[in-house]
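# An overview of the molecular structure
If you want the building blocks of each chain, they are given just below.
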Amino acid sequence: METRKVEKRLIFKNLVYSISANLLSLLVSIILVLILPNLLGETAYGYLQLYLFYTTYVGFFHLGWIDGIYLRIGGKEYGQLEGQLYATQFIVLMIFELIVGVMIVVFANVFVPDVNRLHVIVLTCICMVIYIAKNYTTYILQATNRIKPYAIVTLIEKIIFAVIIIAAWVFRLGNYELIAIGDILGKLISTMVSLKYCKEILFCRMGNWKRTFQEIWINLSVGCKLLLANVAALLVNGIVRFAIERFWSIEVFGKVSLSMSLSNMLMVFISAISVVVFPMLKRMDEDKLGETYELIRNFLMIILLAALVFYYPAKHILTLFLPTYAESLKYMALMFPVCIFDSKISLLVNTYLKALRKEKTILIINISVVIVSMISTYFTVYIMHSLEMAVVSIVILMALQCAIAELYLSKYLGIDVIVDMVMECILVTIFILASWFIDSWISMAIYFAAFIIYCIIKRDKIKSLIKVLR
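These figures come from a predicted structure and were not determined experimentally.

### Looking at helix α5 (residues 147–170)
Given a rise of 1.5 Å per residue, 24 residues ought to cover 34 Å, and the 34 Å separating the end C-alpha atoms of α5 matches this to within 8%. Looking one or two residues past α5, Arg172 carries a phi angle of roughly 55°, positive in sign.

Here is the structure:
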């Protein structure tokens, strides 16, 4: 009994650390949204969004290496790790990333005529090397349940970035390259701190090279499936965004990306919880996984669906701050529901599948949805020439991906979630239709009424959830 109490206290502390760090990430995101569009102007803001878009993919240049480490050591104690093995791997990884970065820059100098796009690519390559170094350490911290150091590293990165953004605003330095350099600087300093937290396994004598390369091969073999699955997950909406940037303009791309950035703010809290959930699941008895899944699912969906009520007030406030982007903010009505499905996949479904070592299943599902994404993008962008339909397709694709993955997982765990899934899709549809076609406070009232009905239907589960939380 005492052991269970200690474990619960540890989980609660870890949640507090992680949520605190990610609250600052949310604050930085708000600063980005409220300050930068007006500071930079439409074109420069579009290039900044292009940089941020490219940097979402830089983590994949480790080829699954770090993912393999994360999956294999998940649930272990930090003291159990063999330092020499991880120190040698880190050096090899950094040499590899530097070579890749230089090759990309050389290639871009030859084949990219647009100076601004070239600058974006160079900044992205610099970010790549630093970001992967940070990921190597933070993944180890997460997998071994060292959430407090992980939270500190995240806080440092976001504080530095926020300070640079505010300084640029105060001195009216409307340069997207400066903002990108601020992002890189934040990552660099936080990486140095994360190296300090992992000094026992990184700053030690080199290990046996033959054994190191054997370990690298195992990690790549294990992690490549998860890496490809993650690439495919990003490509689900990345293909649509890339097509928008190519078919329309950098300004249109920036406006659509702004709506996506606003919608993704809720993902900050989801990321905070998922960091704690993975090592917890790895240490949990398998017979308790189904019960825990339903508990987390009920809590998560009530919070996410309730958050949609605040869409219209948020849109109204943002329109006052960003009058130039008033037209693009209407896409928030379509993009807000994306966070519902994305959050469920990121926190719940994929975290469970990773803990169960079902990365191959994640890969198959994601690749299937990517194929659908390519087909739908071709029709919505290049045949129909409809920006609205292209954005709507992102919501449909995320819902499809979430539904397939959750149905598979629920069958594996022996639980039934079909009724809940149908109710959630109905609520999301009501939200989209009311927000897009009515676009007034009445739309908020309609969705709120639908949400209350949903809560009444689920009242027994909500009572049980409150009892457990108490």
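After that view, the rundown keeps rolling.
### Concerning the packing of aromatic side chains
Going through the model one piece at a time under the given rule, you end up with 12 aromatic pairs. Both rings, one in Phe53 and one in Tyr54, keep their centres 6.2 Å apart while their planes meet at 35°; by these two values the pair is tilted. On the basis of relative accessible area, Phe53 is assigned to the buried category, the value being 6%. Centre to centre, the rings of Phe53 and Tyr57 are 5.5 Å apart; their planes meet at 90°, and the pair counts as edge-to-face. Among the residues examined, Tyr57 registers a relative accessible area of 18% and is labelled buried.

### As for unusual backbone geometry
Of note, Arg172 is a non-glycine position whose phi angle comes to about 55°, a positive value. We classify Arg172 as exposed; its relative accessible area is 51%. In this structure, His385 is a non-glycine residue whose phi angle is positive, near 55°. By secondary structure assignment, the location of His385 is in the loop between α14 (359–383) and α15 (387–413).

### Thoughts on the packing of helix α2 (residues 65–73) against helix α8 (residues 209–247)
Where α2 contacts α8, the two axes come as close as 6 Å, and the packing angle between them is 100°. The pairing of α2 with α8 is recorded here as roughly perpendicular in orientation. Here Trp65, Asp67, Gly68, Ile69, Leu71 and Arg72 of α2 lie close against α8, whose contacting residues are Glu215, Ile216, Ile218, Asn219, Leu220, Val222, Gly223, Leu226, Leu227 and Asn230. Residue composition of the contact of α2 with α8, grouped by class: nine nonpolar, four polar and three charged.

### So, a nonpolar patch on the surface
Taken together, Phe247, Ile367, Ile371, Ile375, Tyr378, Phe379, Tyr382, Ile383, Met384 and Met389 make up a surface patch of nonpolar side chains, about 940 Å² in accessible area. By residue number, the principal contributor to the nonpolar patch is α14, which donates seven residues. Structurally, Phe247 is set in helix α8.

### Describing the nonpolar core
In terms of nonpolar packing, the biggest core is built from 78 residues, with Tyr293, Leu305, Tyr352, Leu409, Tyr447 and Tyr454 touching the most fellow members. Excluding anything up to four places from it in sequence, Tyr454 contacts Met301, Leu305, Met423, Glu424 and Leu427. Among the nonpolar cores identified, the runner-up in size contains 32 residues, and Val58, Ile66, Tyr70 and Tyr197 belong to it.

### Here we look at the side chain of Gln89
Within the secondary structure, Gln89 sits in helix α3 (residues 83–111). When residues no more than four places from it in sequence are discounted, the contact partners of Gln89 are Trp65, Ile69, Tyr136, Thr212, Glu215, Ile216 and Asn219.

### What about the state of the cysteines?
Under the defined criterion, the tally for this structure stands at zero disulfides. Of the cysteine sulfurs around Cys125, a residue in no disulfide, the closest is that of Cys127, at 9.7 Å. Cysteine Cys402 shares no disulfide, and the gap to the nearest cysteine sulfur, in Cys425, comes to 8.0 Å.

### Regarding the confidence of the model for the protein
When the pLDDT values of the protein are averaged, the result is 81; 87% of them are 70 or greater. Mean pLDDT across the secondary structure elements of the protein bottoms out at helix α10 (residues 267–282), with 63, and peaks at helix α6 (residues 176–197), with 91.

### Some words on the environment of Ile296
Secondary-structure assignment places Ile296 in helix α11 (residues 289–307). Its relative accessible area of 13% is what places Ile296 among the buried residues. Expressed as a C-alpha distance, the spacing of Ile296 and Leu465, which sit 169 residues apart in the sequence, is 9.1 Å.

### What to know about α2
Given 3.6 residues to a turn, an α-helix orients residues that are three or four positions apart in the same direction. For α2, the buried fraction is high: eight of the nine residues fall into the buried class. All of the buried residues along α2 are Trp65, Ile66, Asp67, Gly68, Ile69, Tyr70, Leu71 and Ile73. The first or second residue beyond α2 is Gly75, which carries a positive phi of 95°.

Analysis parameters
Residues numbered from 1 in each chain as written. Predicted model: local features only at pLDDT ≥ 70, side-chain atom pairs only at ≥ 80, totals over all residues. Heavy atoms only, no water. Helix = DSSP H or I, 4+ residues; strand = E, 2+ residues; numbered from the N terminus. Expected span 1.5 Å × (residues − 1). Phe/Tyr/Trp six-rings, centres within 6.5 Å; stacked < 30°, edge-to-face > 60°. Buried < 20%, exposed > 50% of the residue type's maximum accessible area, 1.4 Å probe, protein only. Axes fitted to C-alpha atoms, helices over the stretch in contact; angles between N-to-C directions. Parallel < 35°, antiparallel > 145°, perpendicular 65-115°, else oblique. Contact = heavy atoms within 4.5 Å. Nonpolar A, V, L, I, M, F, W, Y, C, P; charged D, E, K, R; others polar. Patch = residues over 30% accessible without salt bridge, like charges linked within 9 Å, V, L, I, M, F, W, Y side chains within 5 Å. Areas by Shrake-Rupley, 256 points an atom, 1.4 Å probe, with all protein chains shown as cover. Salt bridge = Lys/Arg side-chain N within 4 Å of Asp/Glu carboxyl O. Core = buried A, V, L, I, M, F, W, Y, C linked by side-chain atoms within 4.5 Å. Disulfide = S-S within 2.5 Å. pLDDT = per-residue confidence, 0-100.

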